[in-house]
Every structure is written in structure tokens, then in C-alpha cells.
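Structural overview for review
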Amino acid sequence: MLKVVKFGGTSLADAVQFAKVKSIVESDDTRKVVVVSAPGKRTPDDYKVTDLLYLCAAHLKYKVSSKDIFEMIRSRYKDIAIELKLSIDIDKEFDILWNQMQQGITENELASRGEYFSARLMADYLGYTFIDSINWVKFNFDGTINYETSYNALLQITEGNKVVIPGFYGVMPDGRVHTFTRGGSDVTGALAAAALKADVYENWTDVSGILMADPRIVKDPEPIRSVTYSELRELSYMGASVLHEEAVFPVREANILLNIRNTNEPSNIGTTILEKISEDTSNIHITGIAGRKGMTVISISKNSISAEPGALIKVLDILAKRNINVEYIPSGIDSISIVVSSERVEKCLYEMLGEIQKKIKPDKIAALEHIATIAVVSRKFSKIPHLQGMILDALGDQDIVIKLIVQGADGLNIIIGVDENVFEKSIQALYQRFLF
């Protein structure tokens, strides 16, 4: 049994959090590969180390002194090292970095040092071997990951040893340090799990798994105990705060069980993510609810437009020329509705409407703005007939008007469109109907 475990920034914010990580790792001997982020905020008004490093990079770019910020970062790591009585000479490491900064360092390399120093401290603390991510995470020149080369490199380096790896960065073919987008440590952890053919990939953070709804909208929402990768994609696409797509792909492709856990509540089983859940005895019929504001619906009406060959293609071509992604296409016999992001069409909406008018010659064309879309995700839609009715009843009971509704043939979710001013009320009504 092999578990790859990744710890986020809040799990490494200070010495107390480091101690929690050590306790978690040592409680299970199969947790042999540890991936770490840079230290996060200790308090709400504190700074993330990565943010401070980016600030240093900006100061260097505009030739403004970054000494005070640099010393603030150094003190974060020194405090941890001193309190945990670590043997590593962290001052020496920071002196080397300061000299690099004076001679010239890329923003990517400077930003990556947060994870680098975090891993150096954690390796010393656990007594594990430190593996620098530049020795195995290999990027192509276009910024994509060279999976085969990366996986082979990590297999050769680890050789079954207990190791600590910094997340967030790797190396380009020309030797330059390159970083993932923010949250990239999740990607590093997933890559390590896939490379080493781990049995489980544990992602430790500051929440006890994925919640069924946004806690800013629903008070104390229930956690999702198990979810499929397909359901996770749907929730993530609709704005739920879950793992980045790139952090899911490697473990999903390798069919590795993913478990999201809380460093501050290690006894909580969190959320388990699987490719398929064969038996579901839960009496909760939905997996989760998520949504987004900021949608515009372009409504095109014309007699028998559904029977007009090429009409939809013409509309989609008009959007594609402007690099506009289509979210949903609810339609009828005499109408086509195109749901798009308001932000994406803000500068070209009326220009597009004019071109659609010219090419399609509709009887009526309009843009309905300030729409929110809400996804109710469930793997049970195709098994329990009355679930769709429960959604409509929940919103109808609250006098909420549905502007659009879409359900795919896979039966994994139902998308509801409502006015933005009833977005929160709609999610609360849906949650109440299904959970109580």
C-alpha cells in the first residue's frame, strides 16, 4: 500500500501546523510520499508566503528595494525551524537566494522558493529524503507537462524511499524553473501519485472534504462523503471550490482513489472521489449544488428554425469568430437560446446580435442579461423518477421563476437559470428540499 499525501498552505502556516502534519504522516506508515505547499496565512490579516515572493519579484522588476519583504519571508521559515529545533541552516539557504536575486532571477523561480523551503524544512522534520521538483517535473516548451518523462524520472529518484517533494513547480527543457498556475501543488501531488502508481492520493487542506453547497450561501452545509470524478467535474465547472482540473486528471486517468481531508480534523474521513460508485445506499438523493452568476442568454426566435439546416451552425460560427464559449443551448421548435458568459460578450454583444440578425433573419432576437445558472448534480437522476419534480417544486414554492432548464442525456445534472437577484434564495431552497 502506498499513499501520496499533499498538504496545502494552511496546513503549513507555522510550527503548530507542521507538527500536525508530522502526526498525520507518522500515524500511517503507508504515507511515504509527502508533497507540500508554501506556508499560507496564520491569521485572516496575514500574508501567504507565495504572495510575498511575487511582491519581491515586482520590486525587483521596478528596481525597488525588497529587503524588508525578503526578511519577513526569511523570519517565517526561521521561526518554524527554531520552534521545531530543526538542524537545517535556513539562514544559509536564504543568503544564497538573496545573492541570486541581486544577480537576476526569474519571477517563476523566485515564486517557487516558497514550496522549496517548505519542503526542505518538512524533510528535515520528518527525517525523509528531499527531492527537488526540478529533478522530475518536466515541462514542454509550450508549458504543458511531459508526463512520460516526468513519471519515469520520479520512479528512478524515489526508489521506494520516504520522500518530501515541493509542489507548484518544475523545469522547462532549457533548464528554467517553471510554475503551474496558483494551486499548482495539487497538480504536483496528483502527478506524483500517478507516477508512483499510488493506491491513494490524500489531499490535506483546511476543510473536511467537499461541501454540498457554498457555505457562504447555505449555513453549515453537509459534506459530500463520496463523489465520482464526473460529478466533481460538473461541480467544479459550475464554480464549486474543489480541486483544479489539472489536479484531477492524472489520478483519474490512473484510476487512483482521491481523498480530501482536513489537517485540523484528521479523524474526519473527508470526501472520497472515485471513477465509479457501484453501490450507493445513501438516502441523500443529490451529490451537490453549485452555481454561477454573470450569464447572458441570447434568444433567437424564428418560425420553424429547428427545421432550418445550418441555422445553429451559423450562430455558433459568429460566436466562435470572437472566441466566445457557449455554455448551454436550450432550444425549441421556433427558438434557439445561447447561454454565454456576460463578461466574455460584454464588448461585442450588440455587434454579434447585428450579425445574427443579418445572417439568420430571425423574427425576434434579444439578450437576457443578469442570469445565474445553478447545477443540481446527482448520479441518481436516471434511477429516481421524482427528482426533477422536486427541483421544480422547491423553486416554485418560493415563487422563483425559472428562465431556462437544461438536462443532458447522461442524466448527471440539471441546469436551472434564474435571475441573479434570486440566486442565493434558489440554492437555499434547493438545499432545504433535498436535505431536510
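Residues numbered from 1 in each chain as written. Predicted model: local features only at pLDDT ≥ 70, side-chain atom pairs only at ≥ 80, totals over all residues. Heavy atoms only, no water.

With an unreviewed UniProt entry as reference, the chain is termed Aspartokinase, source organism Bacteroides uniformis. UniProt annotates the chain under Catalytic activity (unreviewed entry) with the comment "L-aspartate + ATP = 4-phospho-L-aspartate + ADP". Quoted verbatim from the Sequence similarities (unreviewed entry) heading of the UniProt record, the comment on the chain is "Belongs to the aspartokinase family." (UniProt positions renumbered as here; feature names shortened; annotations may be inferred.)

To continue, consider the pattern of salt bridges. On inspection of all chains with the given rule, the structure shows 27 salt bridges. The salt bridge involving D46 is made with R76; its shortest N-O contact spans 3.6 Å. Taken together, the positions of D46 in the loop between strand 2 (31-36) and helix 2 (49-61) and R76 in helix 3 (residues 67-83) put the pair 30 residues apart, joining distant regions of the chain. R433 is the salt-bridge partner of D397, the closest N and O atoms lying 2.5 Å from each other. A residue pair is termed long-range when its members are at least 10 positions apart, and D397 in helix 13 (residues 387-397) and R433 in helix 14 (residues 423-435) qualify at 36 residues. Classification of R433 by relative accessible area gives partly exposed; the value is 27%. (Salt bridge = Lys/Arg side-chain N within 4 Å of Asp/Glu carboxyl O. Helix = DSSP H or I, 4+ residues; strand = E, 2+ residues; numbered from the N terminus. Buried < 20%, exposed > 50% of the residue type's maximum accessible area, 1.4 Å probe, protein only.)

Let us look at the sheet that holds strand 14 (residues 364-377). Read across the sheet, six strands follow the order 12-13-11-14-16-15 without closing on themselves; strand pairing throughout is antiparallel. Every interior strand has two partners, whereas the edge strands, strand 12 (326-328) and strand 15 (404-407), have only one. Taking the axes of each pair of neighbouring strands and ignoring which way they run, one obtains an average angle of 40 degrees across the sheet. Bridge count between strand 14 and strand 16 (residues 413-419): seven bridges; the pairing is antiparallel. The residue bridging I374 from the neighbouring strand is I416, located in strand 16. In the packing of helix 12 (residues 349-360) onto the sheet, the strands contacted are strand 11 (288-301) and strand 14, and the crossing angle to strand 14 comes to about 110 degrees. (Pairing = 2+ DSSP bridges. Axes fitted to C-alpha atoms, helices over the stretch in contact; angles between N-to-C directions. Contact = heavy atoms within 4.5 Å.)

Looking now at the pairing of strand 10 (residues 271-274). Burial along strand 10 is one-sided: the residues T271 and I273 are buried and none of T272 and L274 is. Across three bridges, strand 9 (residues 257-262) lies against strand 10 in antiparallel orientation. Within strand 10, the residue paired with L258 across the bridge is I273.

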